Amino acid sequence: VSLLLVLNLALQVWDGGATYYGLSQGMQEGNPLLRAAMEYWGVGVTLIGMKSMACVVVVFLWHVASLAVSQWGLVLLALSYVVWSLLPWVVMFASGTP
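Thresholds applied
- Residues numbered from 1 in each chain as written.
- Predicted model: local features only at pLDDT ≥ 70, side-chain atom pairs only at ≥ 80, totals over all residues.
- Heavy atoms only, no water.
- 1 Å grid on protein atoms, 1.4 Å probe; cavity = no way out; pocket = protein on both sides within 12 Å on 5 of 7 lines; lining within 4 Å.
- Points joined across faces, edges and corners; volume = space filled by probe spheres on them.
- Helix = DSSP H or I, 4+ residues; strand = E, 2+ residues; numbered from the N terminus.
- Nonpolar A, V, L, I, M, F, W, Y, C, P; charged D, E, K, R; others polar.
- Buried < 20%, exposed > 50% of the residue type's maximum accessible area, 1.4 Å probe, protein only.
- Polar contact = N/O pair within 3.5 Å; in protein donor to acceptor, adjacent residues only side chain to side chain.
- Contact = heavy atoms within 4.5 Å.

Q: Explanation requested: the layout of surface pockets in the structure shown.
A: Which parts of space are left empty comes out when a probe the size of a water molecule is rolled across the atoms. In this structure, the largest pocket occupies an estimated 280 Å³ of space. Considering the residues around the largest pocket, the lining is formed by 18 residues, among which Asp 15, Thr 19, Glu 29, Gly 30 and Trp 89 are closest to the centre. For the lining of the largest pocket, the elements supplying multiple residues, two or more each, are helix H1 (2-24), helix H3 (43-63) and helix H4 (68-95). Looking at the lining of the largest pocket residue by residue, the class counts come to 8 nonpolar, 7 polar and 3 charged.

Printed below as a string of structure tokens:
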């Protein structure tokens, strides 16, 4: 379960960094709630705040990992970030179009 914790925290950091990079390259945030928060608080504050909250949730899930549902929650969370954040960025970087 500790590996799941580290993986999920690393994916949160990756997603925040990749989002910041994409926005700095002129891309638009796809999540309308985050986009609105970024317009109000700014990109940096919004990303740090949201990613911090996500990390708190990950640590909470890890803390209660004795429950089978928490372990599955960490697995599903990691898979969703791999599919929806990591892979699209890897494909984009590999194709040379940031």
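Q: Please explain the side chain of Gln 12 as it appears in this structure.
A: Position of Gln 12 among the secondary structure elements: in helix H1. With relative accessibility at 2%, the residue Gln 12 sits in the buried group. Engagement of the side chain of Gln 12 in a polar contact is seen with the side chain of Tyr 81, the distance being 3.4 Å. Those residues in contact with Gln 12 that sit more than four places away from it in its chain are Lys 51, Ala 54, Cys 55 and Tyr 81.

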